[in-house]
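Take a look at the letters that make up each chain.
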Amino acid sequence: MRMKRVLAVGLAAVMALSLVACGGNKKASGEKTYKIATDTTFAPFEYENKDGKREGIDLELLEAISKEEGFKYEVSALGFDAAMASVESGESDGMIAGMSINKKRQEKYDFSQSYYKSQVCFAVAKDSKITSLKDLKGKTVAAKVGTVGSEYSKKMAKKYNFEVKEFDGSSTMYQEVTSGNAAACFEDFPVMSYEINKKGQKLKVAYTSNEGSEYGFAVKKGDNAELIKKFNSGLEKIKKSGKYQEIIDKYTK
Ligand code: GLN
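Residues numbered from 1 in each chain as written. Predicted model: local features only at pLDDT ≥ 70, side-chain atom pairs only at ≥ 80, totals over all residues. Heavy atoms only, no water.

Draft legend 1. A look at the packing of aromatic side chains. A full pass over the atoms with the stated rule returns 16 aromatic pairs. Consider the rings of Tyr115 and Phe231, whose centres lie 6.3 Å apart with planes at 55 degrees: the pair is tilted. You can see Tyr115 sitting in the loop between strand S6 (109–111) and strand S7 (116–125) and its partner Phe231 sitting in helix H8 (residues 225–241), a full 116 residues away along the chain. Exposure class is identical for Tyr115 and Phe231. Each is buried. One aromatic cluster is present, formed by Phe42, Phe45, Tyr115, Tyr116, Tyr215, Phe217 and Phe231 through successive ring pairs. Stacked on the ring of Tyr244, the Lys or Arg Lys239 has its end atom at 5.1 Å from the ring centre. (Phe/Tyr/Trp six-rings, centres within 6.5 Å; stacked < 30°, edge-to-face > 60°. Helix = DSSP H or I, 4+ residues; strand = E, 2+ residues; numbered from the N terminus. Buried < 20%, exposed > 50% of the residue type's maximum accessible area, 1.4 Å probe, protein only. Lys NZ or Arg CZ within 6 Å of the ring centre and 35° of its normal.)

What follows is the structure in structure tokens.
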């Protein structure tokens, strides 16, 4: 009886101590929960699966990197343009959304090392005869606000005489083409091919541009340098450990 009591008291003391230790650690590392913004639908980088759970390469990379580097974060799926705005305004600390690194954006954001290579393409309805930019003459195409695909389509629209209609999300942009309201949609090739081959989107890629782009994690320029450092360091570690390739293969094979 006595022995049990001693044990119980001892155990309680150990538990209390460990609680204090946890609290102490939190303070010591100034633990912060980073607010990370992402896109809504940009599969296989981020999307909602059949069970309503958000998943994708970007989300898994972030999770693996945060584990390596020991930081906390919470993700908000805001949409691509809205995610950029929230990083710019300081509402979000960073974003991961298949975001292409380019000179113009580097004036406003600091990027991590590249974690994926991509190119802009355009897709058309399965029965469409369109195979080139020339064939888009006089037609209306769909693009997503704020993306490099949209920028590219606007540049080509001037040269080849077609109209660009912009949408906030990729899903509505695809619908515009499958419903026959637009002749084509401009999207990143890995995303378009995933939609077609893995999700049964009734579209086909008609043209892929030579314009390459690399995806990076972004923060507001001059802010959150430590987060970029952590991302880069974690990325390097998961590339070495094979975790990076495991994540990519899971979604692309
Ligand atoms: N890679 C493209 C860009 O950065 C599209 C990103 C997206 O739609 N999520 O503009």
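There's more to say after this.
Draft legend 2. Local environment of the site of the ligand. Within the structure, the ligand sits among 13 residues, and Gly98, Ser100, Arg105, Val148 and Asp188 are positioned closest to it. Separating a nitrogen atom of the ligand from a side-chain N or O atom of Asp39 is a distance of 2.8 Å. Within the contact set of the ligand, an oxygen atom lies 2.7 Å away from a backbone nitrogen or oxygen of Val148. A molecule is said to occupy a pocket when more than half its atoms come within 2 Å of that pocket's grid points, and by this definition the ligand occupies the largest cavity. (Near = heavy atom within 4 Å. Polar contact = N/O pair within 3.5 Å; in protein donor to acceptor, adjacent residues only side chain to side chain. 1 Å grid on protein atoms, 1.4 Å probe; cavity = no way out; pocket = protein on both sides within 12 Å on 5 of 7 lines; lining within 4 Å. Sits in = over half its atoms within 2 Å of the grid points.)

Draft legend 3. Structural view of unusual backbone geometry. Look at the link from Ala43 to Pro44: it is a cis peptide, with omega at 10 degrees. Checked against the element boundaries, Pro44 lands in the loop between strand S1 (33–38) and strand S2 (47–48). The phi dihedral of Asn161 is positive, around 60 degrees, even though this residue is not glycine. Structurally, the position occupied by Asn161 is in the loop between helix H5 (148–160) and strand S9 (163–167).

Draft legend 4. Layout of the layout of surface pockets. For the largest pocket, the calculated volume is near 230 Å³. Taken together, 13 residues make up the lining of the largest pocket; nearest its centre are Met84, Lys104, Arg105, Lys108 and Glu151. Where the lining of the largest pocket is concerned, the elements lending two or more residues are helix H3 (80–88), helix H4 (103–106) and H5. Broken down by element, the lining of the largest pocket gets its largest block of residues, three residues, from H5. Its residues assigned to classes, the lining of the largest pocket shows two nonpolar, four polar and seven charged. Reported here for the second largest pocket is a volume of approximately 190 Å³. Lining the second largest pocket are Ser100, Ile101, Asn102, Val120, Val148, Glu151, Tyr152, Lys155, Glu211, Gly212 and Ser213. (Points joined across faces, edges and corners; volume = space filled by probe spheres on them. Nonpolar A, V, L, I, M, F, W, Y, C, P; charged D, E, K, R; others polar.)

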